[in-house]
Amino acid sequence: MSAEGAGRGGNGGLSEAARPHQFGHRQRLKDPFLTGGRDAIADYELLELVLFNAIPQRDVKALAKELLEHFGSFASVINAPEPRLRKFKGVKDSVIVQLRLIRTAALEVMREEIAEEPVLSSWKQVVHYCRAAMAFSSIEQFRILFLDKKNRLIADEIQSEGTVDHTPVYVREVVKRALELSATAIILVHNHPSGDPTPSKADIDMTRMIVQAARPLDIAVHDHLIVGANGHASLKGLGLI
């Protein structure tokens, strides 16, 4: 046997003795996931699976556990700001891309689900989508879901972004955009990076201003959802609009 072939198995791959231990570990992790799904693996193992393609030649268990311990949950990791992620050894472009890909794919699936049915008949999915899209952001965002006369989704747009505790909202621009899209109803959404979704007085006042401006134009404001890591609040549900 040539020196080049020494230490290899008959199929041209590494022999069992020469294989780095992570090869066997990765397969042992994939097998229960393929047969038992999400419930068959722990949170850090789910994150390991996500990191496998991003870091193919290294054991990623320690990194997965470190990220989960720091950010608190799988959802928080895939939503974490890029600068914070890059502080961890081993997190390079490939990891950022993989995490963003998982987040984007999940949001696309959820967006399609709420687009298929009238929004008011799939309210739970709307709330889940808004929380997934915004609840873990480190800055405030103001989003609007624009609906047609059958309450089907026309557009889903972020209107503005701000700081950790404030984002500017311009009533005239909200109504103008609804008219441009021929929307007959809207749902307002914004996040509280603090995690607490309790509406502030400013939130309530701003919502009522939009309701008053939209009403003469036959544009209904179905609700204003506030989302955060600790849950969500509905201004309509709270009797505030």
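Notes on the structure in this doc start here. Chains are numbered independently. Their residues run from 1 in the order of the written sequence. Where local features are concerned, this predicted model is filtered to residues with pLDDT of at least 70; where side-chain atom pairs are given and counted, the filter is 80 or more; whole-chain, interface and lining totals use all residues. The side-chain quantities take in all heavy atoms of the structure and omit both hydrogens and water.

**A closer look at the layout of surface pockets**
To find leftover empty space, one rolls a probe the size of a water molecule over the atoms. Which entries qualify depends on this criterion: Using a grid of 1 Å spacing that covers the protein atoms alone, one calls a set of points a cavity when a 1.4 Å probe fits there but cannot get out, and a pocket when the set is open and has protein on both sides within 12 Å along at least five of seven lines; lining residues are those with an atom within 4 Å of a point. Grid points are joined across faces, edges and corners, and a volume is the space filled by probe spheres set on the points. Labels follow the DSSP assignment, with helices taken as runs of H or I lasting at least four residues and strands as runs of E lasting at least two, numbered in each case from the N terminus. Note on residue categories: nonpolar means Ala, Val, Leu, Ile, Met, Phe, Trp, Tyr, Cys or Pro, charged means Asp, Glu, Lys or Arg, and polar means any other residue, Gly included.
Put simply, the largest pocket is a space of about 320 Å³. Surrounding the largest pocket, 19 residues form its lining, Asn79, Arg103, Ala133, Ser137 and Gln141 being those nearest its centre. Sorting the residues of the lining of the largest pocket by element identifies helix 6 (93-116), helix 7 (123-134), strand 1 (141-147) and strand 2 (153-161) as the ones contributing at least two each. With six residues, the single largest contributor to the lining of the largest pocket is helix 6. Residue classes in the lining of the largest pocket are distributed as eight nonpolar, five polar and six charged.

**Let's talk about the environment of alanine 155**
Secondary-structure assignment places alanine 155 in strand 2. For the pair alanine 155 and isoleucine 186, spaced 31 residues apart in sequence, the C-alpha to C-alpha distance is 9.8 Å.

**Observations concerning the packing of aromatic side chains**
Worth spelling out the cut-off: Under the pairing criterion, centres of Phe, Tyr and Trp rings, with the six-membered ring standing for Trp, must be within 6.5 Å; the plane angle then separates stacked pairs below 30 degrees from edge-to-face pairs above 60, leaving the rest tilted. Burial here depends on accessible area, computed with a 1.4 Å probe over protein chains only, as a share of the maximum for the residue type. Under 20% is buried, over 50% is exposed, and the range in between is partly exposed. Distance and angle both matter: a charge sits over a ring if NZ of Lys or CZ of Arg is within 6 Å of the ring centre and within 35 degrees of the ring normal.
Counted by the stated rule, this structure contains one aromatic pair. An angle of 45° between the planes, with centres 5.8 Å apart, marks the rings of phenylalanine 71 and phenylalanine 88 as tilted. Of the two residues, phenylalanine 71 is situated in helix 3 (residues 61-71) and phenylalanine 88 in the loop between helix 5 (82-85) and helix 6; the sequence distance between them amounts to 17 residues. The burial state of phenylalanine 71 is the same as that of phenylalanine 88; both residues are buried. The ring of tyrosine 44 carries lysine 65 above its face, with NZ or CZ at 4.6 Å from the centroid.

**Examining the side chain of glutamate 157**
For the record, the criterion: Whenever two N or O atoms come within 3.5 Å, that pair is a polar contact, provided that in protein one can donate a hydrogen and the other can accept it, and provided that, for residues adjacent in sequence, both atoms are side-chain atoms. Contact between two residues is taken to exist if any of their heavy atoms lie within 4.5 Å; hydrogens are not considered.
Along the chain, glutamate 157 falls in strand 2. According to the relative accessible area criterion, glutamate 157 is buried, its value standing at 19%. Within polar-contact distance, the side chain of glutamate 157 engages the side chain of arginine 177 at 2.6 Å. Other than its neighbours up to four places away in sequence, glutamate 157 contacts Phe142, Arg143, Ile144, Phe146, Arg177 and Leu181.

**Focus: the pattern of salt bridges**
Here is the rule we go by: One speaks of a salt bridge when a side-chain nitrogen belonging to Lys or Arg is within 4 Å of a carboxyl oxygen belonging to Asp or Glu.
On inspection of all chains with the given rule, the structure shows nine salt bridges. Among the salt bridges present, the one from aspartate 156 reaches arginine 111, with a minimum N-O distance of 3.4 Å. In this pair, aspartate 156 is assigned in strand 2 and arginine 111 in helix 6, connecting sequence segments 45 residues apart. Through salt bridges that share partners, Glu108, Arg111, Arg143 and Asp156 make up one connected network.

**What to know about the environment of leucine 51**
With respect to the helices and strands, leucine 51 occurs in helix 2 (residues 43-52). With a relative accessible area of 0%, leucine 51 lands in the buried category. Through-space distance from the C-alpha of leucine 51 to that of lysine 61 is 9.1 Å; in sequence the pair is 10 residues apart.

**Considerations on the nonpolar core**
Short version of the rule: Definition used in this section: a nonpolar core is a set of buried Ala, Val, Leu, Ile, Met, Phe, Trp, Tyr and Cys residues joined via side-chain atoms within 4.5 Å.
Counting residues in each nonpolar core, the largest one holds 26 residues, and the members touching the most others are Leu47, Leu67, Leu85 and Leu99. The set of elements that each furnish at least two residues to this core consists of helix 2, helix 3, helix 4 (74-79) and helix 6. The leading source of residues in this core is helix 2, at six residues. Leaving out residues up to four positions away in the same chain, leucine 67 has contacts with Leu47, Gly72, Val77, Leu85 and Phe88. Membership of the second largest hydrophobic core comes to 19 residues, among which are Met110, Ile114, Val119 and Cys130.

**Considering helix 6**
Our working rule: Multiply 1.5 Å by the residue count of a helix minus one, and that product is the helix's expected span.
Between the first and last C-alpha of helix 6 there are 34 Å, a value that for 24 residues agrees with the 34 Å anticipated at 1.5 Å per step. Where helix 6 is concerned, the buried positions are Val95, Ile96, Gln98, Leu99, Leu107, Met110 and Ile114.

**Here we look at the sheet that holds strand 4 (residues 220-228)**
Spelled out, the test is: Two strands form a pair only when DSSP identifies at least two bridges running between them. Here an angle of 0 to 180 degrees is reported between the N-to-C directions of two axes, which are lines fitted to C-alpha atoms, with helices fitted over the stretch in contact.
Spatially, 2-1-3-4-5 is the arrangement adopted by the five strands of the open sheet, whose pairing is mixed. The open sheet terminates on both sides in strands that have one partner only, identified here as strand 2 and strand 5 (231-234). Between one strand and the next, the sheet's axes are offset by a mean angle of 20°, whatever the strand orientation. Pairing geometry for strand 4 and strand 5, over four bridges, is antiparallel.

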